[in-house]
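The lines below spell out each chain.
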Amino acid sequence: MKRQLIGALCAALVLLGCVPAYAAPASAVPSTEHIVTQDVQPRAAVQVACSLTKYDSKQMKLYASAVANNDSTNARIYAVLERYNGVSWVGVNTFEQSGKGEVYLQKYVSPTKGYRYRARVLFFTDAGDYTLYSSEVRW
């Protein structure tokens, strides 16, 4: 009895699982002659980064980088060392670096002690403009 039931279920699955397929006539298949191809132009993507860290007891290190996926991408880094005066952030020093493809900026600064500092870095590239802030450093 179990064998007959299992056999009947298997036969039903086989019958239900079979779906007829029909091929379209050759005249119904669209022609590819009208398709226009385009060259894909890669977009200039840029990875940007910045940091402000204590270097030693007298200096902080400001670092910024812009690395493009294309060596011909123009990039300019404009970095501002900012100090918090209790009310707002005020620019103390500015630095600038420009180039193509990969651009790095690394500066060592000796600011006045007793304040909080951060770096605000503006990146101007062919792929777009970006602004990043470093974490704050108590000095």
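To start, this report covers the structure provided alongside it. (Residues numbered from 1 in each chain as written. Predicted model: local features only at pLDDT ≥ 70, side-chain atom pairs only at ≥ 80, totals over all residues. Heavy atoms only, no water.)

Take the nonpolar core next. By size, the foremost hydrophobic cluster in this structure holds 23 residues, and its most contacted members are L52, M60, L62, A64, I77, L105 and V121. With five residues, strand β2 (residues 60-68) is the single largest residue contributor to this core. The residues contacting L52, other than those within four sequence positions of it, are M60, K61, L62, L81, Y117, R118, A119, S134, S135 and V137. (Core = buried A, V, L, I, M, F, W, Y, C linked by side-chain atoms within 4.5 Å. Buried < 20%, exposed > 50% of the residue type's maximum accessible area, 1.4 Å probe, protein only. Helix = DSSP H or I, 4+ residues; strand = E, 2+ residues; numbered from the N terminus. Contact = heavy atoms within 4.5 Å.)

Going through the model one piece at a time under the given rule, you end up with four salt bridges. For R118, the salt bridge is made with E82, and the minimal N-O distance between the two is 2.7 Å. Of the two residues, R118 is situated in strand β6 (residues 116-125) and E82 in strand β3 (residues 74-84); the sequence distance between them amounts to 36 residues. Each of the two residues, R118 as well as E82, counts as buried. In this structure, E136 and R116 form a salt bridge, with 3.3 Å as the shortest nitrogen-oxygen distance. Here the residue E136 occupies a position in the loop between β7 (128-133) and β8 (137-138), and R116 occupies one in strand β6, the gap between them amounting to 20 residues. A relative accessible area of 44% places E136 in the partly exposed class. Judged by its relative accessible area of 23%, R116 is partly exposed. Counted as one network, the salt bridges with shared partners bring together E82, R118 and R120. (Salt bridge = Lys/Arg side-chain N within 4 Å of Asp/Glu carboxyl O.)

Further remarks concern the environment of G91. You can see G91 is positioned in strand β4 (residues 89-100). Apart from the residues within four sequence positions on either side, G91 is in contact with V80, L81 and E82.

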